[in-house]
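So the chains spell out like this:
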Amino acid sequence: YGTDHFTKGGVCEGGRYAGVITAKSYGRSGVADTAAGYSADRRRQSKGKRRQSTDRLKERQSCAMKVLIVGSGGREHAIAASVAKSKKVDKIYCAPGNAGIGQIAECVPIGAMEFDKITAFAKEKAIDLTIVGMDDPLVGGLIDELESAGLRAFGPRKNAAVLEGSKAFSKDLMKKYHIPTAAYETFDDPKKALAYLETAVMPVVLKADGLALGKGVLICNTLEEAKDGVKTIMEDKKFGAAGSRMVIEEFMTGREVSVLSFVDGKTIRIMTSAQDHKRAGDGDTGLNTGGMGTFSPSPFYTEEVDAFCRKYIYQATVDAMASEERPFQGIIFFGLMLTDKGPRVLEYNARFGDPEAQVVLPRMKNDIIDVIEACIDGTLDQITLQFEENAAVCVVLASEGYPVSYEKGFPIGGLEKFEGKDGYYCFHAGTKEDGQQIVTNGGRVLGVTATGRDLHEARENAYQAAEWVTFENKYMRHDIGKAIDEV
Ligand code: AMP
Ligand code: GLY
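Conventions adopted
- Residues numbered from 1 in each chain as written.
- Chains lettered and ligands numbered in written order.
- Predicted model: local features only at pLDDT ≥ 70, side-chain atom pairs only at ≥ 80, totals over all residues.
- Heavy atoms only, no water.
- Helix = DSSP H or I, 4+ residues; strand = E, 2+ residues; numbered from the N terminus.
- Buried < 20%, exposed > 50% of the residue type's maximum accessible area, 1.4 Å probe, protein only.
- Contact = heavy atoms within 4.5 Å.
- Areas by Shrake-Rupley, 256 points an atom, 1.4 Å probe, with all protein chains shown as cover.
- Polar contact = N/O pair within 3.5 Å; in protein donor to acceptor, adjacent residues only side chain to side chain.
- Pairing = 2+ DSSP bridges.
- Axes fitted to C-alpha atoms, helices over the stretch in contact; angles between N-to-C directions.
- Core = buried A, V, L, I, M, F, W, Y, C linked by side-chain atoms within 4.5 Å.
- Near = heavy atom within 4 Å.
- pLDDT = per-residue confidence, 0-100.
- Parallel < 35°, antiparallel > 145°, perpendicular 65-115°, else oblique.
- Left-handed = near helix turned anticlockwise from the far one by under 90°.
- Nonpolar A, V, L, I, M, F, W, Y, C, P; charged D, E, K, R; others polar.

**With respect to the overall build of the chain**
Argument step 1. When its secondary structure is counted, the chain shows 13 helices and 22 strands.
Argument step 2. Counting all 487 residues of the chain, 59% fall into the buried class.
Argument step 3. Long-range pairs, those at least 24 residues apart, make up 70% of the contacts in the chain between residues at least 6 apart in sequence.
Argument step 4. Entry remark: accessible area of the chain is about 20000 Å², with carbon and sulfur atoms responsible for 49%.

In structure tokens form, the structure reads like this:
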């Protein structure tokens, strides 16, 4: 595999950055000297808080960008595949990446939380744009570090990534700005949480405040279960420091929909909808996972739902963050529940979903770099997002035993069957190169995505393609997209 020297040909579209190459016009105190850059800068300065390290790229020809992607999952592979299609990009690096990403990017052995190393690498290689795919580095402040070093980066700063990093923060924000969500209380003290439960209506939902790999949510049907849950989260600290604080929330019922969006601090652009399958087993049984499969669009995300969310949720969230002096630039992932009282926010994430990205990005027609740059420059109002009029389904191939315990290191066969097949994608999640072969290296191993004219065709194609791949402890759900039949 050509891991080392991925260089894309392609013609520069020109225009946007042509003729704006000046010395030292970048960095937080940089001065832009183009009309567009100037007005963008003025807007930023007038807001006082806006990102200022936006002009570095303008030193370079726009068709020769070097992009660094931070992360190593299927989501980052999907991002890398979109970036690889951009006419503006000449070279892609990924830290740390995986075997699949290594086929379109140069993977560097730097962990996503090694901020110093990432920043040093980006400076050394004169990276024009760093895209941070994962929640942990975003919540930890990687964007802030990159920007302080004068580098251009895509994702929310630490003070905005808290939208995902603290459930108590996001619930308080929604309450303050009247964004529809489940009723809740926040607790720092397990005794008070236990006392509250005595009069609470069951079932209740307990959520560890901080990041917990999507596992810090417990749905409790009885008072006993709920009391045990408080102990698990706050006293036994099963989810670590994430459980020092806890949210107890009203249980809601309805269909779940994931909606991803690009945000530039003030403008929001909604991507096509998707639905995840969080539980490990068929029929939504077993433990919660990172996600076992997705489809897009969701037929339950109707025009009526969309109109409601546009009116009460999307822009309201962006405006709320701006009002709190935490302008959000990056991806907001709205986890929605369509209740009989209307859509409610289940959670926010500050990044693409995984595996939502694997069905949404392959359907996006825009050059992803154009959209990302508009987010950083505060010009997203000039972008119209476009998606194919088709559908996509992603089936995750996992290691048997995920999410609890599983073996890895098994050789993977059949990957070559995806080569040259339009509408079929094999996104790598937990894989690595081992000599001449690619072996399993995680719980979620691959995300097999296929498109089709409609959801039924996409699902059929995805399950067919899922059979092309072999490894010893391969496990998948067989009912991804079952909800399609219930429309
Ligand atoms: P979260 O990480 O907040 O998305 O929660 C994980 C999963 O728990 C969600 O995808 C839902 O399936 C479920 N969940 C979270 N909050 C609630 C709620 N208030 N009512 C019912 N289910 C919930
Ligand atoms: N698939 C859900 C998530 O990325 O959090």
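On we go from here.
**As for helix α12 (residues 368–377)**
Argument step 1. Summarising burial for α12: nine of the 10 residues are buried, a large majority.
Argument step 2. The opening residue of α12 is Asp367, an N-cap whose side-chain oxygen sits 2.8 Å from the backbone nitrogen of Ile369.
Argument step 3. Count one or two residues on from α12 and you reach Gly378, which has phi positive near 75 degrees.

**Re the sheet that holds strand β2 (residues 89–96)**
Argument step 1. Spatial ordering of the open sheet is given by β3-β2-β1-β4-β5, a layout of five strands whose pairing is parallel. Across the chains shown, the open sheet's two edge strands, defined by having one partner strand only, are β3 (106–107) and β5 (153–154).
Argument step 2. When strand β4 (residues 129–132) meets β5, the two strands line up parallel, connected through two bridges. Paired with Ile131 across the strands is Phe154, a residue of β5.
Argument step 3. Of the strands in this sheet, β1 (65–71), β2 and β4 are in contact with helix α2 (residues 74–85), which crosses β1 at around 170 degrees.

**A closer look at the nonpolar core**
Argument step 1. By size, the foremost hydrophobic cluster in this structure holds 105 residues, and its most contacted members are Val83, Phe262 and Tyr314.
Argument step 2. Looking at this core element by element, the count peaks at eight residues for strand β17 (residues 391–399).
Argument step 3. Within the second largest apolar cluster, 21 residues are counted, among which are Tyr93, Ala95, Ile110 and Leu146.

**Some words on the site of ligand 1**
Argument step 1. Taken together, 15 residues are adjacent to ligand 1, and Glu249, Glu250, Met252, Glu256 and Glu347 come closest.
Argument step 2. For the shell around ligand 1, the secondary-structure elements that each account for two or more residues are β7 (204–208), β8 (217–220), β9 (246–250) and β16 (342–349).

**With respect to the environment of Ala112**
Argument step 1. Mapping Ala112 onto the fold places it in the loop between β3 and α3 (115–124).
Argument step 2. Judged by its relative accessible area of 11%, Ala112 is buried.
Argument step 3. Residues Ala112 and Ile69, 43 residues apart in the sequence, show an inter-C-alpha distance of 9.6 Å.
Argument step 4. Beyond its immediate chain neighbours, meaning those up to four positions away, Ala112 contacts Val70, Pro96, Ile118, Met134, Pro137 and Leu142.

**Digging into the confidence of the model for the chain**
Argument step 1. For the chain, per-residue confidence averages 89 on the pLDDT scale, and residues scoring 70 or more make up 87% of the total.
Argument step 2. Across residues 1–52, confidence stays below pLDDT 50; counting only partners more than four residues off in sequence or on other chains, it has 104 contacts.

**Observations concerning the site of ligand 2**
Argument step 1. Taken together, Asp276, Gly290, Phe333, Asn349, Arg351, Gly353, Asp354, Pro355 and Glu356 are the residues near ligand 2.
Argument step 2. With respect to ligand 2, the backbone of Gly290 contributes an N or O atom lying 3.2 Å from a nitrogen atom.
Argument step 3. For ligand 2, an oxygen atom lies 3.0 Å from a polar atom in the side chain of Arg351.

**Topic: the sheet that holds β7**
Argument step 1. In spatial order, the strands read β6-β9-β7-β8; together these four strands make up an open sheet with antiparallel pairing. Pairing within the sheet leaves two strands with one partner each, and these edge strands are β6 (184–187) and β8. Neighbour to neighbour, the strand axes of the sheet diverge by 20 degrees on average, direction disregarded.
Argument step 2. As paired strands, β7 and β9 are joined by five bridges and run antiparallel to one another.

**As for the packing of helix α8 (residues 190–197) against helix α9 (residues 223–235)**
Between two packed helices, both the angle of their axes relative to each other and the distance between the axes serve to describe the pair.
Argument step 1. Closest axis-to-axis distance for the α8/α9 pair is 10 Å, and the angle between their directions is 165 degrees. Classified by the angle their axes make, α8 and α9 are roughly antiparallel. Crossing hand, α8 versus α9: right-handed. Note on element contacts: α9 touches α8 through Leu223, Ala226, Lys227, Val230, Met234 and Glu235, opposite Pro190, Ala193, Leu194 and Leu197.
Argument step 2. Tallied by class, the residues present in the contact of α8 with α9 amount to eight nonpolar, no polar and two charged.

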